[in-house]
Amino acid sequence: MGRRWFHSPKYTVDVGAHTFPTVKFQRTAESLVAKGLLQEKDRVEPTLPSRDELKLVHTDEWCTRVLDGTMTLDDELRAELPWSRALSDAHALAVSGTLLAAREALATGLGVHVGGGAHHAFAAYGEGFCLLNDLAVAAAKLRAEGAVKRVLICDLDVHQGNGTASIFKKNLDVFTFSMHQEEGYPKIRERSSLDVELPAGTRDREYQDALTDRLPGALDAHRPDLVLYQAGADVHERDLLGGLKLTDKGVAARDRFVFEACLRRAIPIALTLGGGYSPKIEDTIALHAGTVKEALSVFR
Ligand SMILES: [Zn+2]
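Heads up: these notes are all about the structure in this document. (Residues numbered from 1 in each chain as written. Predicted model: local features only at pLDDT ≥ 70, side-chain atom pairs only at ≥ 80, totals over all residues. Heavy atoms only, no water.)

**A word on the sheet that holds strand β8 (residues 269–272)**
What counts, and what does not: We treat two strands as partners when DSSP finds at least two bridges between them. Here a helix means four or more residues in a row that DSSP labels H or I, a strand means two or more in a row labelled E, and each is numbered from the N terminus. In this description, a line fitted to the C-alpha atoms serves as the axis of each element, helices being fitted only across the stretch in contact, and the angle between N-to-C directions of two axes falls anywhere from 0 to 180 degrees.
Strand order in the open sheet formed by six strands is β3-β8-β7-β4-β5-β6, and the pairing between neighbours is parallel. Strands at the two margins of the open sheet, each flanked by one partner only, are β3 (110–112) and β6 (194–198). Between one strand axis and the next, the sheet turns by 15 degrees as a mean value, whatever way the strands run. Summarising the sheet, strand β7 (residues 226–230) and β8 pair through four bridges and their orientation is parallel.

**Comments concerning the packing of helix α8 (residues 204–222) against helix α9 (residues 248–264)**
Rules: Each angle receives one of four descriptions, namely roughly parallel if under 35 degrees, roughly antiparallel if over 145, roughly perpendicular if within 65 to 115, and oblique otherwise. In this scheme the crossing of two helices becomes right-handed for a clockwise turn of the near helix relative to the far one and left-handed for an anticlockwise turn of less than a right angle. Throughout, a residue-residue contact means that at least one pair of heavy atoms, one from each residue, lies within 4.5 Å.
The contact between α8 and α9 brings their axes to 10 Å, and the two run at 15 degrees. In this view, α8 runs roughly parallel relative to α9, as classed from their interaxial angle. The crossing of α8 and α9 is right-handed. Mapping the contact onto sequence places Asp 204, Tyr 207, Gln 208, Leu 211, Thr 212, Leu 215, Pro 216 and Leu 219 in α8 and Gly 250, Ala 253, Arg 254, Phe 257, Val 258 and Ala 261 in α9.

**So, the packing of helix α1 (residues 24–34) against helix α10 (residues 281–298)**
Packed helix pairs are specified by the crossing angle of their axes together with the interaxial distance, meaning the distance between the axes. Filter applied, for reference: Gly falls in the polar group here, along with every residue not listed as nonpolar (Ala, Val, Leu, Ile, Met, Phe, Trp, Tyr, Cys, Pro) or charged (Asp, Glu, Lys, Arg).
Across the interface, α1 lies against α10 with an axial gap of 9 Å and an inter-helix angle of 60 degrees. If you check the angle between α1 and α10, you find them oblique. As α1 runs across α10, the sense of the crossing is right-handed. Facing α1, whose interface residues are Lys 24, Phe 25, Arg 27, Thr 28, Ser 31 and Leu 32, α10 presents Ile 281, Glu 282, Thr 284, Ile 285, His 288, Ala 289 and Val 292. When grouped by side-chain class, the residues that make up the contact of α1 with α10 number six nonpolar, four polar and three charged.

**Focus on the pattern of salt bridges**
Note the threshold: We count a salt bridge whenever a side-chain nitrogen from Lys or Arg sits within 4 Å of a carboxyl oxygen from Asp or Glu. Only protein chains enter the calculation, and the probe is 1.4 Å; a residue is then buried if its accessible area is under 20% of its type maximum, exposed if over 50%, and partly exposed in between.
All chains considered together, the criterion is met by 21 salt bridges. Note that Arg 65 and Glu 61 form a salt bridge whose closest N and O atoms lie 2.8 Å from each other. In this pair, Arg 65 and Glu 61 are both assigned in helix α3 (residues 60–68), four residues apart and thus about one turn of the helix distant. A residue is classified by how much of its surface remains accessible, and Glu 61, at 46% relative accessible area, is partly exposed. Residues joined in a network through salt bridges with shared partners are Glu 53, Arg 103, Lys 141 and Glu 145.

**Remarks on the coordination of the zinc ion**
As a reminder of what qualifies: Only nitrogen, oxygen and sulfur atoms qualify as donors, provided they sit within 2.8 Å of the metal or within 3.2 Å for Na, K and Ca; with water excluded from the atoms, sites may seem incomplete.
Coordination of the zinc ion by the protein comes from Asp 157 (OD), His 159 (ND1) and Asp 234 (OD), over a distance range of 1.9 to 2.1 Å. As a motif over one chain, the donors of the zinc ion read D-x1-H-x74-D. Comparing Asp 157 with His 159, the two get one shared label, buried.

**Overview of the layout of surface pockets**
Unfilled space is identified by rolling a water-sized probe across the atoms. Applicable threshold: Put simply, the grid is 1 Å and covers the protein atoms alone, a cavity is a trapped set of points that fit a 1.4 Å probe, a pocket is an open set with protein on both sides within 12 Å along at least five of seven lines, and lining residues have an atom within 4 Å of a point. Grid points are joined across faces, edges and corners, and a volume is the space filled by probe spheres set on the points.
Taken as a whole, the largest pocket holds about 450 Å³ of empty space. Lining the largest pocket we find 30 residues, and of these Phe 20, Gly 128, Phe 129, Cys 130 and Tyr 277 sit closest to its centre. The element that contributes the greatest number of residues to the lining of the largest pocket is helix α5 (residues 85–108), accounting for five residues. Here the residues of the lining of the largest pocket are counted per class, giving 16 nonpolar, 11 polar and three charged. Estimated volume of the second largest pocket: approximately 260 Å³. Taken together, 16 residues form the lining of the second largest pocket, with Asp 248, Ala 286, Leu 287, Ala 289 and Gly 290 sitting closest to its centre.

What follows is the structure in C-alpha cells.
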C-alpha cells in the first residue's frame, strides 16, 4: 500500500490573471503522480471543515464573511483575492487538507499536503492570498482534541508567517519559527517565537548555515509533539516575490534538512507547500514537487 496524501483539484479556482496561479498545486500533484512518486489511488480528498473548527483560531465574524460571501471590498483588497463560492471552498478545503496531513503525520511520521500554507491569514482578516490559516487551525484542533500538546510551526516561506505568529503570540505551547527575507512583504511584522531574518541576495550556503544554526535548537528546546512545515518555494532565486537567491539544490537541501531533523528526533511532520511565484509556472511546480520528493525520500 502506498502513502496516503492530501489534495483537492478544487484548490484550482478562477481568480483572473493573478500573481498566485491557483492551478500550481493541482499541477504539482499531477506531476508527482506522473513521476510515480505518489499514486492517485492514495489521494485523500479533504471535505469542508466545520465552522467550529475554523473558530478555534478565527473570529466568528471573519468565518461568516469568508464562508457566506460577505467580505467587503477592503477585505478583498487586503487578501488580494476576489471572493467566489469556489474560492471560499478552496481555502476552507485546504484547512482540512492540512489537518488531515497532520493526523497522518501523527500516525505515520509524515503527512503530505499538496497545497496549504496560508500563513498570512490572521484571526479576523485575510492577507496576501490567504483567507483561512490552515496551519493554525490544524495545530489548534489537534491540541483541543488532546492529540498533541506542543506544536512547532516551521515556516520557511520567503515571507514572514505573520498571521500564524499573531494567532499564537500568547500561546507558549505553539512555537512559531519563521525564517524569511528581512525586507519586503509583509511590511508590518508580527513577532514569532523565533524570527530569523536574512538579507536579500542570501545564497544557498548562508541560508543553510542559518537554518542549521537555529532550527535544531528550537526543536530541542520546544520538544514539539508535531511539526507543521510551510515549505514556501519563493526562496528560489528566480521568484518574482522574493529576493533570496537559493538554487534548486539549495531548496532541496533546505527541505531535506527539515525532514531529517524531525525524523532524527522522531517528531511527526506535516508538509504544506505555501508560496512560489516563478515567472514560469513549470519552475514553481518542479520546486514544490521537489519538496515532496525530499519528504518521501527521507521518510522512505
Ligand atoms: Zn511567500
